[in-house]
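Analysis of the macromolecular model
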Amino acid sequence: MPLMKAIQIAAPGAEFELVQKEIPEPRETEVRIKVEACGICHGDAVVKEGRFPGISYPRVPGHEVVGKIDKLGAKVNGWQIGQRVGVGWYGGPCLKCDPCKRGDFANCENFLTTGISFDGGYAEYMTAPMQGLAAIPNELVSVEAAPLLCAGRTTFTALRNSGAQGGDLVAIHGLGGLGHLGVQFGRKFGYRTVAISRGKDKEALAYQLGAHNYIDAEATDAAAELKKLGGARVILATAPNSKAISALINGLAPDGQLIIVAWQNEPMQISPWQLLGGRRSVKGWTARPARNSSEDTLKFSVISGIVPMIEVFPLEQAALAFEKMVSSKVHFRSVLKMDGDV
Ligand SMILES: [Zn+2]
Ligand SMILES: [Zn+2]
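In every chain, residue numbers begin from 1 and rise along the written sequence. Chain A is the first chain written and ligand 1 is the first ligand written, with later ones labelled in order. Two thresholds apply to this predicted model, a pLDDT of at least 70 for residue-level local features and 80 or more for giving and counting side-chain atom pairs, whereas whole-chain, interface and lining totals are computed over all residues. In computing side-chain values, all of the structure's heavy atoms are included and hydrogens and water are not.

Time to look at the nonpolar core. When a protein is soluble and globular, its nonpolar side chains tend to lie buried together. Counting 49 residues, the largest nonpolar core has I33, Y122, L133 and L336 as the members making the most contacts within it. Helical segments are the DSSP runs of H or I of at least four residues, strand segments are the runs of E of at least two, and each set is numbered from the N terminus. Only β1 (3-9), β2 (16-22), β3 (30-39), α1 (45-49), β4 (65-72), β5 (84-87), β8 (125-129) and α11 (318-326) provide two or more residues apiece to this core. For the purposes of this section, nonpolar cores are sets of buried Ala, Val, Leu, Ile, Met, Phe, Trp, Tyr and Cys residues that join through side-chain atoms within 4.5 Å. Burial classes follow relative accessibility: with a 1.4 Å probe on protein chains only, a residue under 20% of its type's maximum area counts as buried, one over 50% as exposed, and anything between as partly exposed. Formed by 40 residues, the second largest nonpolar core is a distinct cluster that contains A134, V183, Y214 and I306.

Right, let's get into the sheet that holds strand β11 (residues 192-197). Strands are labelled as partners when DSSP assigns at least two bridges between them. Taken together, the 6 strands give an open sheet; going across it, the order is β12-β11-β10-β13-β14-β15, and neighbouring strands pair in parallel fashion. Strand pairing shows two members of the sheet lacking a second neighbour, β12 (213-216) and β15 (281-284), which therefore form its edges. On average, adjacent strands in this sheet sit at an angle of 20° to one another, irrespective of strand direction. Pairs of residues are marked as contacts when any of their non-hydrogen atoms sit within 4.5 Å. Axes here mean lines fitted to C-alpha atoms, for a helix over just the part in contact, with angles spanning 0 to 180 degrees between N-to-C directions. Sheet contacts for helix α4 (residues 151-160): β10 (169-173), β13 (232-237) and β14 (252-260); angle to β13, the most-contacted strand, approximately 160°. Across the sheet, helix α5 (residues 179-188) lies against β10 and β11, angled at about 165° from β11, the strand it touches most.

With that settled, the discussion passes to the side chain of K21. Along the chain, K21 falls in strand β2. Among buried charged residues, K21 stands out as having no salt bridge; its nearest opposite-charge side chain is D119, 4.2 Å away. In protein, a polar contact means a hydrogen-donor-capable atom and an acceptor-capable atom, both N or O and within 3.5 Å, with residues adjacent in sequence counting only if both atoms are side-chain atoms; elsewhere, any N or O pair within 3.5 Å suffices. There is a polar contact of 2.9 Å between the side chain of K21 and the side chain of Q8. The residues touching K21, leaving out its near neighbours within four places in the chain, are P2, L3, M4, A6, Q8, P58, V60 and D119. Counted charges follow a simple rule, with Lys and Arg positive, Asp and Glu negative, and His plus the chain ends left uncounted. What makes a salt bridge here is a side-chain nitrogen of Lys or Arg within 4 Å of a carboxyl oxygen of Asp or Glu, nothing more.

Okay, the coordination of the zinc ion (ligand 1) next. Ligating atoms shown are N, O and S within 2.8 Å of the metal, or 3.2 Å for Na, K and Ca, and water is not included, meaning a site may look less than complete. All of the protein donors around the zinc ion (ligand 1) are C41 (SG), H63 (NE2) and C150 (SG); their distances to the metal are 2.0 to 2.1 Å. Binding-site remark: the zinc ion (ligand 1) is held by donors from one chain whose sequence spacing is C-x21-H-x86-C. Here H63, found in the loop between α1 and β4, pairs with C150, found in the loop between α3 (142-145) and α4; they are 87 residues apart in sequence, far enough to count as distant. Its relative accessible area of 1% is what places H63 among the buried residues.

Put into structure tokens, the structure is as follows:
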């Protein structure tokens, strides 16, 4: 059997290991993808740490995948060999549960998760269900399209469904893989866009990404600064830091919403009065169940000139690329490129 290179996690808590695996064969409704690029996301940590129920190991992580279809399952239709496609966190509905049988795929009870329910894109090849694929526009190169499939799709859909309208003040908390795209989307949606991060060194980058204002949460009280600007209609919290997120609530305008998209471990502390005064709310958001939201994100990025800022690594350096993402040492997204020509 022909072999490929892949990075796998052998067991919960294990390190990334480079292995030779058999090139997978697509099942009837799957395609095989020759992977060109795969972004590295905080979500991949759940595979490494075993924080997701029911993962079977060894598992190849990676859910910001772009590559070309190189083999079709017998029942695949609508996709062609050679076509460039993307696969994000949601690998597709199960097609077996009750909502799926009713055609309500968005509410599938067993959504397949790329790199968790099945092997992901830290590999030269992967297979993926056809119902989870997105077509990649020609204008985007693969390494830049990849982060749009999770970091981009999450922030794009969170803002697009937030109720904020052009001219509203919208704050993006955190300037990492998600936040740096959130600032660009916010600006292009016509919001008065405020970037909140820690330290002076992020200020120039925030303005470069299109922010109208930058708030240094290390040097100032970010909520008080937002209040001075009139209060935020929406705060999009992209940094996984519960204490910092809790501290932002007082910066919301009346009826303002704090929307959380980053994975949290620590509990948040909120006084009921913070919500009652001004009818403020806190909610979580994932890109599910917006169908076609990957393609919408990609198309919007093309027409509005949004591109992720990336640092590219060869597959063999996945552990280093992951570590730089976790420690925020990468501006702003680590992306694995499979052909080695980095
Ligand atoms: Zn992700
Ligand atoms: Zn289902």
